[in-house]
Amino acid sequence: MKRQKMIMISRRDVMYLFGGVASTALFSNYALANPNLALKRIKEISKNNVEESDLFLDVPEIAENGNQVKVSFDIDSPMTNEDFVKTVYLLADGNPAPNVAKFSFSTDMGACSATTRMRLSKTQNVYLLAEYNNGKFAMTKSKVKVTIGGCGG
Amino acid sequence: MSKIKPRGKVPKKASVDEIIEIKTLIRHPMHSGRMKDKNGKNIPKRIINKFLVKFNGKQVFVMDLEPSISTNPYIAFPYKAKETGTFDFEWTDDNGEKYTMSRKMTVS
C-alpha cells in the first residue's frame, strides 16, 4: 500500500498565514488610496462648496479607443441674466493632468450644453463641475472603461 | 505635417429664438508633450489652448483646452438665434498662431 504523506499544519503556521493575508490587505489599501487629483482640483475650484447633482454627462460606458472619447453634457438651466451657468469644468482622475477643458458660457447661448472629444489614458472617472452665477457649484461623475489608452507612451 | 484647417457647420437660416447647434472641427495634432515619435524622441507639447466664438463682435462662448483633448478637436455648442449676423471663430495655438473662420447666419 502506498503511504500518503500528510502535510501537517501547526497552529503557529496558521497564525502566520492569517497575519500575511491581513498585512497584504492593509498595504494594498494604502496603495489604492493615492491622492485623487481631479477631486483635489474640484475642491480648489469650488472652495470645498460643491454638491453632487444629477447633471447630464454623456460618456460611453466602455471606450474601445481612449484617443477619441466623445463627451457631451447638458445642464438644465434657463440661461437668463438672473439664472445661468457661468462655467463648466471637465476633469478626469486617471489622466496625467486632471484638467480636460473649461467652458465659459454666456446667456446668449440659450442652453448649457456642449460636445467634444477627449483622451483617456486608462479606466477612470470623468467629472463634470458646473459653476452657477449665484456662486453655487454642482458636480457629477461617470466611470469609463478604457480598452486602449490614449495618452501615448 | 498636415495643414491646420478649421471647419465649421452653422445653419444658414434660423428662426427667432430657435436654439441651433454649431459644430466645429479643426485639424490639429494636439501634441500632449507625452507622445514619442518613431525615433523615441519626445514630441514637444503643442496644442490648441483656446477656442473663442463671437457673434457680431460680441463674445458668446470660450473654451479652454488642455492636452487631454483629442487630436483634431471637435467642439459642438448651442446658440439661441435672435438676429442675422456673423459668427467669428478663433482657435489659438500654443505657438501663438491664430486660426480664424467666419460663418453667416440669416434669422427670419
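Just so you know, these numbers come straight off a predicted model, no measurement behind them. (Residues numbered from 1 in each chain as written. Chains lettered and ligands numbered in written order. Predicted model: local features only at pLDDT ≥ 70, side-chain atom pairs only at ≥ 80, totals over all residues. Heavy atoms only, no water.)

**Thoughts on the overall build of chain B**
(1) Moving on: Scanning chain B from N- to C-terminus turns up zero helices and eight strands.
(2) Moving on: Listing each helix as α and each strand as β along chain B from the N terminus yields β-β-β-β-β-β-β-β.
(3) Moving on: Principal-axis analysis of the C-alpha atoms places the extent of chain B at approximately 55 × 20 × 20 Å.
(4) Moving on: For chain B, the proportion of its 108 residues judged to be buried stands at 43%.
(5) Moving on: Of note, chain B has its 22 positive side-chain charges centred 5 Å away from the centre of its 12 negative side-chain charges. (Helix = DSSP H or I, 4+ residues; strand = E, 2+ residues; numbered from the N terminus. Buried < 20%, exposed > 50% of the residue type's maximum accessible area, 1.4 Å probe, protein only. Lys, Arg positive; Asp, Glu negative; His and termini not counted. Charge placed at Lys NZ, Arg CZ, Asp CG, Glu CD.)

**Some points on the packing of aromatic side chains**
(1) Moving on: Scanning the entire structure with this criterion turns up 15 aromatic pairs over all chains.
(2) Moving on: When the centroid spacing of 4.7 Å and the interplanar angle of 50° are considered together, the rings of B:Phe55 and B:Phe87 count as tilted. Here B:Phe87 lies in strand β7 (residues 85-93) and B:Phe55 lies in strand β4 (residues 48-55), a separation of 32 residues in the sequence.
(3) Moving on: Connected via pairs of aromatic rings, a cluster forms that spans A:Phe73, A:Phe103, A:Phe105, B:Phe51, B:Phe55, B:Phe61, B:Phe77, B:Tyr79, B:Phe87, B:Phe89 and B:Trp91.
(4) Moving on: Note that A:Arg117 overlies the ring of B:Tyr74, its terminal NZ or CZ placed 4.7 Å from the centroid. (Phe/Tyr/Trp six-rings, centres within 6.5 Å; stacked < 30°, edge-to-face > 60°. Lys NZ or Arg CZ within 6 Å of the ring centre and 35° of its normal.)

**Things to note about the interface of chain A and chain B**
(1) Moving on: Across the boundary between the two partners, chain A contributes 28 residues, which contact 31 residues of chain B.
(2) Moving on: Summed over both partners, the interface of chain A with chain B comes to about 2400 Å²; 49% of that surface belongs to carbon and sulfur atoms.
(3) Moving on: In this assembly, chain A and chain B are joined by three salt bridges.
(4) Moving on: Residues B:Asp64 and A:Lys102 are paired through a salt bridge, measuring 3.9 Å at the closest nitrogen-oxygen approach.
(5) Moving on: The interface formed by chain A and chain B contains 19 residue pairs in polar contact (both at pLDDT 80 or more).
(6) Moving on: Put simply, the parts of the chain that give the side of chain A that touches chain B at least two residues each are β6 (99-104) and β7 (112-118) of chain A.
(7) Moving on: Within the side of chain A that touches chain B, the residues separate by chemical class into twelve nonpolar, twelve polar and four charged.
(8) Moving on: For β6(A) and strand β5 (residues 58-65) of chain B, the ladder comprises four bridges, and the chain directions are antiparallel. Bridge assignment links A:Lys102 to a residue of β5(B), and that residue is B:Asp64. (Contact = heavy atoms within 4.5 Å. Buried area = accessible area lost by both parts, 1.4 Å probe. Salt bridge = Lys/Arg side-chain N within 4 Å of Asp/Glu carboxyl O. Polar contact = N/O pair within 3.5 Å; in protein donor to acceptor, adjacent residues only side chain to side chain. Nonpolar A, V, L, I, M, F, W, Y, C, P; charged D, E, K, R; others polar. Pairing = 2+ DSSP bridges.)

**Concerning the pattern of salt bridges**
All names here are of chain A.
(1) Moving on: Applying the stated criterion to the full structure yields eight salt bridges over all chains.
(2) Moving on: One salt bridge in this structure joins Glu44 and Arg41, with 3.0 Å as the shortest N-O distance. With a gap of three residues between them, Glu44 and Arg41 both fall in helix α2 (residues 37-46), about one helical turn apart.
(3) Moving on: Classification of Arg41 as partly exposed rests on a relative accessible area of 26%.

**A few points about a positive patch on the surface**
(1) Moving on: Side chains of B:Lys3, B:Lys5, B:Arg7 and B:Arg27 sit close together on the surface and give a patch of like positive charge.
(2) Moving on: With respect to the helices and strands, the residue B:Arg7 is situated in strand β1 (residues 5-9). (Patch = residues over 30% accessible without salt bridge, like charges linked within 9 Å, V, L, I, M, F, W, Y side chains within 5 Å. Areas by Shrake-Rupley, 256 points an atom, 1.4 Å probe, with all protein chains shown as cover.)

**Re the confidence of the model for chain B**
All names here are of chain B.
(1) Moving on: Taken residue by residue, chain B gives an average pLDDT of 91. The fraction at 70 or more is 98%.
(2) Moving on: Mean pLDDT values for the elements of chain B range from 90 in β1 up to 95 in strand β6 (residues 74-80).
(3) Moving on: Interface predicted TM-score (ipTM) for the complex: 0.89; the corresponding pTM is 0.80. (pLDDT = per-residue confidence, 0-100.)

**Comments concerning the sheet that holds strand β2 (residues 56-58) of chain A**
Two orientations exist for strands paired in a sheet by backbone hydrogen bonds: parallel and antiparallel.
(1) Moving on: Judged by pairing direction, the sheet is antiparallel, and its six strands sit side by side in the order β2(A)-β4(A)-β7(A)-β6(B)-β3(B)-β1(B) without closing on themselves. Edge positions in the sheet fall to β2 of chain A together with β1 of chain B, since each has one partner strand and no second. Between one strand and the next, the sheet's axes are offset by a mean angle of 15°, whatever the strand orientation.
(2) Moving on: One ladder, built from three bridges, connects β2(A) with strand β4 (residues 69-75) of chain A; its direction is antiparallel. Bridging from a neighbouring strand, A:Leu57 pairs with A:Phe73 of β4(A). (Axes fitted to C-alpha atoms, helices over the stretch in contact; angles between N-to-C directions.)

**Some points on the side chain of A:Thr87**
Residue and element names in this part refer to chain A.
(1) Moving on: If you trace the backbone, Thr87 turns up in strand β5 (residues 85-92).
(2) Moving on: On the accessibility criterion, Thr87 (8% relative accessible area) is buried.
(3) Moving on: Excluding its chain neighbours within four sequence positions, the residues that come into contact with Thr87 are Lys102, Phe103, Ser104, Leu129, Ala130 and Glu131.

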